[in-house]
Amino acid sequence: MDDLRNKYIEAIAAAADEAALEELRVQAVGKKGEVSLKMRELGKMTPEERQVAGPALNALKNEITSALAAKKAALADAALDARLATEWLDVTLPARNRRVGSIHPISQVTEEVTAIFADMGFAVAEGPQIETDWYNFDALNIPGHHPARAEMDTFYTHRAEGDERPPHVLRTHTSPVQIRSMEKTGAPIRIICPGRVYRADYDQTHTPMFHQIEGLALGRDVSMANLKWVLEEFFTAFFGTEVKTRFRASHFPFTEPSAEVDIQCSWEGGTVKVGEGDDWLEVLGSGMVHPKVLEAGGIDPNEYQGFAFGIGIDRLAMLKYGIPDLRAFFDSDLRWLRHYGFASLDQPTLHGGLSR
Ligand code: PHE
């Protein structure tokens, strides 16, 4: 029995891994293990012999079993120590620099404009970029033969062969959202609608896709004077300085009377500065909503009236942040985006001055 003990206690101490331990367990105390076989021999012994050998064999079995368990735990500890020694992390090392994306000037300016109009009680409305010609044209008092349709360089979608319905268009302005909003909310209403618009045009100040913000305010006595105040209030907040405006009589089929609005600027030194000098720059179209447009939107023109305007967001961004070429807005050039982009935490607020 001493031989058995020495043999297994030594082998267990020397076992290199769990598999070796398991093998030893089977050999010693498994069903056909050496210790187990010895225990079977107890039956053939005399009672006196058995009284000595029985407890001794049991003690041996227990000793081997606990040696196995102790070695198993030691092996696991050693494995963990080995892992800890190789898989370590120096949390005091400086972090690797990662490029952070930036907010596009168009997104930034859209947020700024939205914040200013929200402060004046305008809610944000949206509409689809692919429009029916009813919403984009007819409802806005631009009938089929009207020259404005041709002037707008409209993109048309294809109809299936033999489908004679008028094709859908990529909206040429955000004005169709006026109609959609009137239908949805009725009057009184005060909304702005920022979004993409499309016209087939391409040069330094025109891209086939650009951005507008539509404004619409209807009430029982909303007037041109309210329009002027709202716009002047807007420009002053947006540019952070008193900005003179010039209302020029103009014509849009969907407003009567209509005005194009210029803002005061200077071109001295080759760069444009808003709010000084004696040049003017056109930034928006506006007017009193035409009675036919109110009717198309399901509103009684004898009860309600109001103003609408459409501002070019891209133009505003160029003016405020000194960006010379509109086309660069949509080139996705990372160097340009890093230069003109905004930090993502630079949320525009009125109290923060709306800019960096
Ligand atoms: N929809 C016009 C344009 O795109 C702008 C505008 C909007 C004019 C609302 C008057 C009223 O040019």
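Computed from a predicted model, the values in this text were never measured in an experiment.

### Here's the deal with the overall build of the protein
A tally of helices and strands in the protein yields twelve helices and ten strands. On C-alpha atoms alone, the protein measures out to a radius of gyration of 41 Å, which is more than a quarter above the 21 Å that the 2.2 N^0.38 rule sets for 356 residues. Taking the principal axes of the C-alpha coordinates as reference, the protein spans close to 125 × 55 × 40 Å. Split into buried and exposed, the 356 residues of the protein put 41% on the buried side.

### A look at the site of the ligand
The local shell around the ligand holds 14 residues, among which His173, Ser175, Arg199, Gln212 and Gly310 are the closest. His173 has a polar side-chain atom sitting 3.0 Å from a nitrogen atom of the ligand. Protein coverage of the free-state accessible area of the ligand, which is 320 Å², stands at 92%. For the shell around the ligand, the elements supplying multiple residues, two or more each, are strand E5 (209–219), strand E9 (279–289) and strand E10 (305–312). Of all the elements, E10 adds the most residues to the shell around the ligand, at three residues. Looking at the shell around the ligand, its residues break down into four nonpolar, eight polar and two charged.

### A few points about the pairing of strand E6 (residues 245–252)
Looking at chain direction, E6 and strand E7 (residues 255–266) are connected through seven bridges and run antiparallel. Bridge pairing in E7 links Ala249 to Ala259.

### What to know about the domain arrangement of the protein
Assigned domains of the protein: these are domain 1 (2–86) and domain 2 (105–340). Here the C-alpha centroids of domain 1 and domain 2 sit 88 Å apart.

### Some words on the side chain of Glu260
Looking at the element boundaries, Glu260 is found in strand E7. The buried category is assigned to Glu260, whose relative accessible area is 17%. For Glu260, the contacting residues outside a window of four places in its chain are Arg246, Phe247, Arg248, Ser250, Phe252, Glu282, Leu284 and Gly285.

### Remarks on the packing of helix H5 (residues 105–119) against helix H9 (residues 224–239)
If you want to describe how two helices pack, look at the angle between their axes and the distance between the axes. Running from N to C, H5 and H9 point in directions that differ by 130°, and their axes come no closer than 10 Å. Between H5 and H9, the crossing angle belongs to the class labelled oblique. The two elements H5 and H9 cross, and the hand of that crossing is right-handed. Residue-level inspection shows Val109, Glu112, Val113, Ile116 and Phe117 of H5 in contact with H9, the latter providing Val230, Phe234, Ala237 and Phe238. Partitioned by chemical class, the residues of the contact of H5 with H9 number eight nonpolar, no polar and one charged.

### Side note on the side chain of His211
Its location among the elements puts His211 in strand E5. Residue class for His211 comes out buried when judged on its relative accessible area of 9%.

So, how was this worked out
Residues numbered from 1 in each chain as written. Predicted model: local features only at pLDDT ≥ 70, side-chain atom pairs only at ≥ 80, totals over all residues. Heavy atoms only, no water. Helix = DSSP H or I, 4+ residues; strand = E, 2+ residues; numbered from the N terminus. Rg over C-alpha atoms; globule rule 2.2 N^0.38 Å. Buried < 20%, exposed > 50% of the residue type's maximum accessible area, 1.4 Å probe, protein only. Near = heavy atom within 4 Å. Polar contact = N/O pair within 3.5 Å; in protein donor to acceptor, adjacent residues only side chain to side chain. Areas by Shrake-Rupley, 256 points an atom, 1.4 Å probe, with all protein chains shown as cover. Nonpolar A, V, L, I, M, F, W, Y, C, P; charged D, E, K, R; others polar. Pairing = 2+ DSSP bridges. Domains from an automatic or database assignment. Contact = heavy atoms within 4.5 Å. Axes fitted to C-alpha atoms, helices over the stretch in contact; angles between N-to-C directions. Parallel < 35°, antiparallel > 145°, perpendicular 65-115°, else oblique. Left-handed = near helix turned anticlockwise from the far one by under 90°.

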